[in-house]
Every structure is written in C-alpha cells, then in structure tokens.
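Residue-level listing of the chains:
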Amino acid sequence: TKICNTPESTVNVLNSVLKLEDSPSEKFIVLCLDSKLQVIGLHVVTQGTINKSVVSPREVFQRALLNNAQSIIIAHNHPSGNTNPSSADKRVTDLIKEAGELMGIRLIDHIIVGYNSYFSFKEKDFI
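The structure contained in this document is the topic of the report that follows.

This part covers the overall build of the chain. When helices and strands are counted, the chain shows 3 helices and 5 strands. Along its sequence from the N terminus, the chain presents helices and strands in the succession α-β-β-α-β-α-β-β. Relative to its length of 127 residues, the chain is compact, with a C-alpha radius of gyration of 13 Å against a globular reference of 14 Å. Seen through its C-alpha atoms, the chain measures out along the principal axes to roughly 35 × 30 × 25 Å. Each of the 127 residues in the chain was classed as buried or not, and the buried ones make up 47%. Approximately 6,700 Å² of the chain is accessible, and the part contributed by carbon and sulfur atoms is 48%. In the chain, 13 positive and 13 negative side-chain charges are present, and the distance between their average locations comes to 4 Å.

Take a look at the structure:
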C-alpha cells in the first residue's frame, strides 16, 4: 500500500508508477486517497503536449467520486524541468480546491514534477 503523506512520498509514487519525471509530454494526474492517505486510485486525467495540458474539475472529481476518495492530490509534470507554477497552474489549483470543498473532498496538494525536482503548492503555502 502506497501512502502519500509528504510531497516526497507522493513524487516517489508518481515516478515509480508513471515515470512522470521522464515523460516527454505533460500529464495531469489525480491521486485518490482514503482517510489514512493511502492511495486507492491513481489516474492520468489528461495527457497534453510538451508544455500544456487542459484539465477541468469535472474530470478530476469524476475519478475521485468513483474511487470514494476522502481527499485527493493532483500533480502534473513539466517536461522542461522547470517546476515553477504558471498562472494557469495556480488557477486550476484554486478551481479544484473550491470544487472539492463543495463536494467534501479535500485537495491536499498540487505537485509539479520536473527531472529530479518538484514544486509543492502545500509546502509553499499556496493551498
């Protein structure tokens, strides 16, 4: 059983299952978690181009609801290796956080994965 209770443990899960840091295209992932932060579902919500992936809260929460998730962590990779969040990354984080609050599914973190690096919205107090 995989537990995602730190950004590092989440990045390890993402790289062990999806090799996310090596992906040549941007992928947007939702990790569905139970009340003990154990992974009960890991889904590639969208796969985009080298620098863009379009995602909507509907696609994220469809998977969360089907997995009966208590909380979620969203993640995507930046194939460029630069893990700084874009304004679009910040907007989608806020949108998914708000939608989750309405449905009672907490957004724990949004992690951007680069090669040998990551950016955690939670660690930087963006969430």
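Here the phi dihedral of Asn 116 falls at roughly 60°; this positive angle occurs in a residue that is not glycine. Along the polypeptide, Asn 116 turns up in the loop between strand E4 (106-114) and strand E5 (117-120). Accessibility expressed as a relative area gives 62% for Asn 116, which makes it exposed. With a phi angle near 60°, Asp 125 is a residue other than glycine that sits in the positive phi range. With respect to the helices and strands, Asp 125 occurs in the segment after E5. The class for Asp 125 is exposed, based on a relative accessible area of 66%.

This brings us to the packing of helix H2 (residues 57-66) against helix H3 (residues 87-103). At a minimum axis separation of 10 Å, H2 and H3 run at an interaxial angle of 40°. As far as their axial angle goes, H3 and H2 are oblique. Between H2 and H3 the crossing geometry is right-handed. Note on element contacts: H3 touches H2 through Leu 95, Ile 96, Ala 99, Gly 100 and Met 103, opposite Pro 57, Val 60, Phe 61 and Leu 65. Across the contact of H2 with H3, the residue classes break down as 8 nonpolar, 1 polar and no charged.

This structure, assessed with the given rule, holds 0 disulfides. Summary of cysteine pairing: Cys 4 is not part of a disulfide, and the nearest cysteine sulfur, belonging to Cys 32, is at 11 Å. Taking relative accessible area as the criterion, Cys 4 reaches 3% and is therefore assigned buried.

Right, let's talk about the environment of Ile 74 for a bit. For Ile 74, the position within the fold is in strand E3 (residues 71-77). In this structure Ile 74 comes out as buried when scored by relative accessible area, which is 0%. Separated by 42 residues in the primary sequence, Ile 74 and Cys 32 place their C-alpha atoms 8.8 Å from one another. Those residues in contact with Ile 74, other than ones at most four positions away along the chain, are Phe 28, Ile 29, Val 30, Val 60, Ile 96, Leu 107, Asp 109, His 110 and Ile 111.

Rules used in this analysis
Residues numbered from 1 in each chain as written. Predicted model: local features only at pLDDT ≥ 70, side-chain atom pairs only at ≥ 80, totals over all residues. Heavy atoms only, no water. Helix = DSSP H or I, 4+ residues; strand = E, 2+ residues; numbered from the N terminus. Rg over C-alpha atoms; globule rule 2.2 N^0.38 Å. Buried < 20%, exposed > 50% of the residue type's maximum accessible area, 1.4 Å probe, protein only. Areas by Shrake-Rupley, 256 points an atom, 1.4 Å probe, with all protein chains shown as cover. Lys, Arg positive; Asp, Glu negative; His and termini not counted. Charge placed at Lys NZ, Arg CZ, Asp CG, Glu CD. Axes fitted to C-alpha atoms, helices over the stretch in contact; angles between N-to-C directions. Parallel < 35°, antiparallel > 145°, perpendicular 65-115°, else oblique. Left-handed = near helix turned anticlockwise from the far one by under 90°. Contact = heavy atoms within 4.5 Å. Nonpolar A, V, L, I, M, F, W, Y, C, P; charged D, E, K, R; others polar. Disulfide = S-S within 2.5 Å.

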